[in-house]
Amino acid sequence: MKEVLEKVYSPCYGSIKEIFVNDEAYVYEWEPLFLIETEDKKVVEVCVGVSGTITHVDMMPGQEVTPESVLTVLKDDLLITGSD
């Protein structure tokens, strides 16, 4: 089976407020991974529509991010879950 690595990017400009995952953690679809506080003080929850294992976390609380920032990399388990 092919290994699929998914990069998780910041959806906005801001700073990392909270990190809910660590290296080698297993995450489920739509599980919160990060909270980012935007420049106008709104809090954005970062989650993805795939499940799998975090390969590494590239961020620390307080670190500034942009939409080009890779927050983490996830090894997709390629399981189809949930329903429409």
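Our subject in this report is the structure included herewith. Just so you know, these numbers come straight off a predicted model, no measurement behind them. (Residues numbered from 1 in each chain as written. Predicted model: local features only at pLDDT ≥ 70, side-chain atom pairs only at ≥ 80, totals over all residues. Heavy atoms only, no water.)

### Looking at the environment of Gly14
Looking at the secondary structure, you find Gly14 in strand S2 (residues 14–19). Among the residues examined, Gly14 registers a relative accessible area of 4% and is labelled buried. Once the C-alpha coordinates of Gly14 and Glu31 are considered, the two residues, 17 residues apart in sequence, prove to be 20 Å apart. (Helix = DSSP H or I, 4+ residues; strand = E, 2+ residues; numbered from the N terminus. Buried < 20%, exposed > 50% of the residue type's maximum accessible area, 1.4 Å probe, protein only.)

### Section: the environment of Val43
Relative to the assigned elements, Val43 resides in strand S5 (residues 43–46). The class for Val43 is partly exposed, based on a relative accessible area of 47%. Note: C-alpha distance between Val43 and Lys17 (26 residues apart in sequence) is 8.2 Å.

### Quick look at the sheet that holds S5
Spatially, S5-S4-S2-S7 is the arrangement adopted by the four strands of the open sheet, whose pairing is antiparallel. Looking at the sheet topology across the chains shown, the edges are occupied by S5 and strand S7 (64–65). Two elements, strand S4 (residues 34–38) and S5, share four bridges in a ladder whose sense is antiparallel. For Glu37, the partnering residue across the bridge sits in S5 and is Val43. (Pairing = 2+ DSSP bridges.)

### Examining the nonpolar core
Core analysis: the largest hydrophobic core is formed by 16 residues, its most contacted members being Ile16, Leu33, Phe34, Ile36 and Leu71. Breaking this core down by element, the ones donating at least two residues are S4 and strand S8 (70–76). Beyond its immediate chain neighbours, meaning those up to four positions away, Leu71 contacts Val8, Tyr9, Ser10, Ile16, Phe34, Ile36, Val46, Val57, Asp58, Met59 and Val65. (Core = buried A, V, L, I, M, F, W, Y, C linked by side-chain atoms within 4.5 Å. Contact = heavy atoms within 4.5 Å.)

### With respect to a nonpolar patch on the surface
Together, Tyr26, Tyr28 and Leu79 line one region of the surface with nonpolar side chains, adding up to about 350 Å² of accessible area. Turning to its location among the elements, Tyr26 is positioned in strand S3 (residues 26–27). A relative accessible area of 37% places Tyr26 in the partly exposed class. (Patch = residues over 30% accessible without salt bridge, like charges linked within 9 Å, V, L, I, M, F, W, Y side chains within 5 Å. Areas by Shrake-Rupley, 256 points an atom, 1.4 Å probe, with all protein chains shown as cover. Salt bridge = Lys/Arg side-chain N within 4 Å of Asp/Glu carboxyl O.)

### A look at the sheet that holds S8
Taken in spatial order, the four strands of this open sheet run S1-S8-S6-S3, and their pairing is antiparallel. Edge positions in the sheet fall to strand S1 (4–9) and S3, since each of these pairs with one other strand and no more. Bridging between strand S6 (residues 52–57) and S8 involves five bridges; their strand directions are antiparallel. Counterpart to His56 in the pairing with S8 is Val73.

### Re the pattern of salt bridges
Opposite charge on two side chains permits pairing when their charged atoms draw close. All chains considered together, the criterion is met by two salt bridges. Salt-bridge contacts for Lys75 lead to Glu3; the nearest nitrogen and oxygen are separated by 3.4 Å. Of this pair, Lys75 sits in strand S8 while Glu3 sits in the segment before S1, and the two are 72 residues apart along the sequence. A relative accessible area of 37% means that Lys75 is categorised as partly exposed. The partner of Lys41 in a salt bridge is Glu37, and the shortest N-O contact between them spans 3.9 Å. Using a relative accessible area of 61% as the deciding quantity, one classes Lys41 as exposed.

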